[in-house]
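# Commentary on secondary and tertiary structure
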Amino acid sequence: MMSYKNLGLSNTKKMFENAMAGEYAVPAYNFNNMEQIQAIITACVESQSPVILQVSKGARSYANETLLKFMGQGAIEMMKEMAKQKGLKEIPIALHLDHGDSFETCKACIDSGFSSVMIDGSHFPYEENIALTKKVVDYAHEFNVTVEGELGVLAGVEDDVVAEESTYTKPEEVVDFVSRTGVDSLAISIGTSHGANKFTPEQCTKNEDGVFVPPPLKFKILEAIEEQLPGFPIVLHGSSSVPLEAVKIINENGGAIKDAVGLPETELKNATKSAVCKVNIDSDGRLWMTATLRKVFAESPSEFDPRKYLGPARSALIEMYKHKNKNVLGSSNRV
Ligand code: G3H
Ligand code: 13P
Ligand code: ZN
């Protein structure tokens, strides 16, 4: 049993209290490899933002769960050194399991030093979701690890689970769910979805430039949830904006990403002024990494040193994370 506190990690309690009071949201960025974690730490130290490093079940099997855990721990040491070298403050870092699918996965993460876990029982019937979530909370809270639960289903792919359509969170269920499970934060479904095709072309209108304009988020549902749970931290999954610039670079350099539509950053920015305290972003990083790699390969076909193509991809990620912290989530200079 390794306690996250001994590793220098933070749970999300104080992070969310500060985010609620300061009307901003803490970024939760997914990582699967070294360049992604380097970029997240560099960007968040330089913008002085708290950060939640999150790993999915898929990331744990891709990168090897033991190695991934040590990468999370290594991130703390890198952050401390970097802050010292740059004369900046150390930033709070949480290591979080994204979309935990079972008690056993959550327990394994808690036992190995994660400071926060998500148990995603949203695909189960309501009472089963409550029972599973409560079991995880009871275990996690013994070690002061914070737990995120989910009510409502996002359209799109969540690990192995695919939902054709979203089922919005029912505001009348949230008090019962939170009080009976004891969760520390709640992920909700108000129209976002995972991946680079968040809305179908049929769901969108087109602006004068022929660009898809998605339907607005269901802010009324968010308001109703806030009324039911005043001051309670809300989490927004599927919050990538799917930048058209990145999609264009990909498609101009041999890629084929069709009908990509994301969540406009202006809408996300509005959401951060509410009880939304944690915002999950993964796809935007994937898109910028792919765009940069495709461009480098197209422009320098003789290049075969991984540092020469992964390095520029890492630089693009650093810029993107800084932009999110500063201009969208409002988490810059909050440490
Ligand atoms: O929720 C989805 C995240 O983007 C993680 O994706 O399960 O492919 O690692 P993944
Ligand atoms: P995106 O696919 O919009 O980046 O969402 C990521 C996410 O919700 C991870 O849990
Ligand atoms: Zn998610």
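To be clear, the structure that these remarks concern was listed above.
Residues numbered from 1 in each chain as written. Chains lettered and ligands numbered in written order. Predicted model: local features only at pLDDT ≥ 70, side-chain atom pairs only at ≥ 80, totals over all residues.

## A closer look at the site of ligand 2
Around ligand 2 sit 13 residues in total, of which His237, Ser240, Asn280, Asp282 and Ser283 are the nearest. The class makeup of the residues in the shell around ligand 2 is one nonpolar, 10 polar and two charged. (Near = placed C-beta within 6 Å. Nonpolar A, V, L, I, M, F, W, Y, C, P; charged D, E, K, R; others polar.)

## Remarks on the pairing of strand E8 (residues 185–188)
Burial along E8 is two-sided: the residues Ser185 and Ala187 and Leu186 and Ile188 are all buried. As paired strands, strand E5 (residues 146–151) and E8 are joined by four bridges and run parallel to one another. Its bridge partner being in E8, glutamate 148 is matched across the sheet by serine 185. In terms of strand pairing, E8 meets strand E11 (residues 234–236) through three bridges, oriented parallel. Across the sheet, the residue bridging to alanine 187 is valine 235, located in E11. (Buried ≥ 20, exposed ≤ 12 C-beta atoms within 10 Å, placed from the backbone. Helix = DSSP H or I, 4+ residues; strand = E, 2+ residues; numbered from the N terminus. Pairing = 2+ DSSP bridges.)

## With respect to unusual backbone geometry
Notably, glutamate 23 is not glycine yet its phi reads approximately 55 degrees, a positive angle. Phi at valine 242 is positive, roughly 50 degrees, even though this residue is not glycine. In this structure, valine 242 sits in the loop between E11 and helix H9 (244–252). Owing to 22 C-beta atoms within 10 Å, valine 242 belongs among the buried residues under this scheme.

## Focus on the sheet that holds strand E1 (residues 26–30)
With respect to topology, eight strands assemble into a closed barrel ordered E1-E2-E3-E4-E5-E8-E11-E12, the strand pairing being parallel. Averaged over all pairs of adjacent strands, the angle between strand axes in this sheet comes to 25 degrees, irrespective of strand direction. Pairing of strand E2 (residues 51–55) with strand E3 (residues 93–100), which is carried by five bridges, proceeds in the parallel orientation. Pairing of valine 51 across the sheet is with isoleucine 93, part of E3. The strands touched by helix H4 (residues 65–86) are E2 and E3; relative to E3, the strand with the most contacts, the crossing angle is about 155 degrees. The strands touched by helix H12 (residues 306–329) are E1 and strand E12 (276–281); relative to E1, the strand with the most contacts, the crossing angle is about 150 degrees. (Axes fitted to C-alpha atoms, helices over the stretch in contact; angles between N-to-C directions. Contact = placed C-beta atoms within 7 Å.)

## Describing the environment of proline 214
Take proline 214: it is sitting in the loop between strand E10 (212–213) and helix H8 (219–228). Sequence separation of proline 214 and leucine 263 is 49 residues, and the distance between their C-alpha atoms is 7.5 Å. Residues in contact with proline 214, not counting those within four places in the same chain, are Lys198, Phe199, Gln203, Cys204, Val261 and Pro264.

## Some words on the environment of glutamate 77
With respect to the helices, strands and loops of the structure, glutamate 77 is situated in helix H4. On the neighbour-count criterion, glutamate 77 (12 C-beta atoms within 10 Å) is exposed. Taking C-alpha positions, glutamate 77 is 9.1 Å from leucine 7, a pair spaced 70 residues apart along the chain.

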